[in-house]
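Single-letter residue listing:
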Amino acid sequence: MRYLSGVASASTPGQNSKPAHSNPKQQQRNQPASGSRSELPAFVDWPAFPFEGDMRLKSLQDPVSAEPPRRGARQEQCTACHTPDSAYLWSNERWRLKSPPAPSGLPVVVILEPRAHLDLGDLSTMHAAELGVLTVRLERAIRSLESVAQVHVNRWGDGTAHLQQWFLARPHGFLQLRGPFMTMWDEILPPVEEHEWQMNLEYIAAWLADD
Ligand SMILES: [Zn+2]
């Protein structure tokens, strides 16, 4: 996922991060298991795993003593809070829906955000109830597209402080994209046609607007 990759890399601790401690057990944990293929996790042989050939595990970096601030940790620097409704596909009093700026490998990728500067655990009971209703409506809207078989719903929370709930559509018939590796396939597959992408987004926005 091109757009998501940026989010993920932005939240990766930098090279200069100081290790929290250096006890021997931790050091052992940080070592790759081995260069041998037999030491790799079983999922590298799953049909959905997008890579094959020689692989080895990266060393796990030492944990940092303090987590770095997420983007928008200070509301005055939050991109979502300073983006007008015109940049969104749909909005109402408390929620807004947007897409990444360009088509990617999946027929639909959309992101639901609260209008207020809130993370998942900050939501009021009313916000939480609305999130549940909107999640179901969006899943139904996206899955009703002829080209879509399933909809993955994800909230990672590592990159941004302002809640983002992702909806990722698996194209119909592409069984190899089932499961957690679909975000990788989104970046690997050629982008869907711009016209199809726009039509899909307009369809979903119209579905939400039709109360
Ligand atoms: Zn915000």
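In what follows, the structure referred to is the one given above.
Keep in mind that this is a model prediction, so the values were computed, not measured. (Residues numbered from 1 in each chain as written. Predicted model: local features only at pLDDT ≥ 70, side-chain atom pairs only at ≥ 80, totals over all residues. Heavy atoms only, no water.)

Draft legend 1. Structural view of the pairing of strand β2 (residues 95–98). The alternating pattern of β2 places W95 and L97 and R96 and K98 on opposite faces, both of which are buried. Counting the residues that bridge the hairpin from strand β1 (residues 90–91) to β2 gives 3 residues. Here β2 pairs with strand β3 (residues 109–114) via 4 bridges, running antiparallel. Paired with K98 across the strands is I111, a residue of β3. (Buried < 20%, exposed > 50% of the residue type's maximum accessible area, 1.4 Å probe, protein only. Helix = DSSP H or I, 4+ residues; strand = E, 2+ residues; numbered from the N terminus. Pairing = 2+ DSSP bridges.)

Draft legend 2. Here's a closer look at the pattern of salt bridges. Tallied over the entire structure, the rule returns 9 salt bridges. Taking the shortest distance from any N to any O, the salt bridge between R155 and D119 comes out at 2.9 Å. Of this pair, R155 sits in the loop between β4 (148–154) and β5 (165–171) while D119 is found in the loop between β3 and α3 (125–143), placing the two residues 36 residues apart along the sequence. Assessed through its relative accessible area of 34%, R155 is described here as partly exposed. On the basis of relative accessible area, D119 is assigned to the buried category, the value being 10%. A salt bridge links R143 to E139, with the nearest nitrogen and oxygen atoms 2.7 Å apart. Of this pair, R143 and E139 both sit in helix α3, 4 residues apart, roughly one helical turn. For R143, a relative accessible area of 38% translates into the label partly exposed. (Salt bridge = Lys/Arg side-chain N within 4 Å of Asp/Glu carboxyl O.)

Draft legend 3. Summary view of the pairing of β3. Burial runs high along β3: 6 of the 6 residues are buried. Residues V109, I111 and E113 line one face of β3 and the alternating positions V110, L112 and P114 line the opposite face, and both faces are buried. As judged from the 4 bridges shared by β3 and β5, these two strands associate in the antiparallel manner. Each bridged residue has a counterpart across the sheet, and for V110 the counterpart in β5 is F167.

Draft legend 4. Focus on the sheet that holds β4. As summarised here, the arrangement of the 5 strands in space is β1-β2-β3-β5-β4, forming an open sheet in which the pairing is antiparallel. Each edge of the open sheet is held by one strand with a lone partner, namely β1 and β4. Here α3 sits on the sheet and contacts β1, β2, β3, β4 and β5; the angle it forms with β4, its principal contact strand, is near 155 degrees. (Contact = heavy atoms within 4.5 Å. Axes fitted to C-alpha atoms, helices over the stretch in contact; angles between N-to-C directions.)

Draft legend 5. Seen up close, a nonpolar patch on the surface. On the surface, a cluster of nonpolar side chains totalling about 260 Å² of accessible area is made up of F51, M184 and I188. For M184, the position within the fold is in helix α4 (residues 182–188). Exposure remark for M184: the relative accessible area of 35% places this residue in the partly exposed category. (Patch = residues over 30% accessible without salt bridge, like charges linked within 9 Å, V, L, I, M, F, W, Y side chains within 5 Å. Areas by Shrake-Rupley, 256 points an atom, 1.4 Å probe, with all protein chains shown as cover.)

Draft legend 6. Focus on the coordination of the zinc ion. Within the protein, C78 (SG), C81 (SG), H117 (ND1) and H162 (ND1) serve as the donor atoms for the zinc ion, at 2.1 to 2.3 Å. In this structure, the zinc ion is surrounded by 4 donor atoms whose angles at the metal cover 104 to 116 degrees, and the resulting shape is tetrahedral. Motif for the zinc ion, donor spacing along one chain: C-x2-C-x35-H-x44-H. Of this pair, C78 sits in the loop between α2 (24–30) and β1 while H162 sits in the loop between β4 and β5; the two residues are 84 residues apart in sequence, bridging distant segments of the chain. Here C78 matches H162 in class, with each residue buried. (Donors = N, O, S within 2.8 Å, 3.2 Å for Na, K, Ca; no water. Tetrahedral: all angles 85-135°; square planar, octahedral: opposite > 155°, others 65-115°.)

Draft legend 7. Looking closely at helix α5 (residues 194–209). In a regular helix each residue adds 1.5 Å, so 16 residues correspond to 22 Å; α5 covers 23 Å between its end C-alpha atoms and thus fits that length. What α5 keeps buried is the set W197, N200, L201, I204, A205 and L208. Within α5, the buried residues cover an arc of 130 degrees as seen down the axis, which keeps them to one side. Exposed residues on α5 whose side chains face more than 90 degrees from its buried face are H195 and A209. The inward-facing, buried residues of α5 abut β1, β2, β3 and α3. (Expected span 1.5 Å × (residues − 1). Arc of directions from axis to C-beta.)

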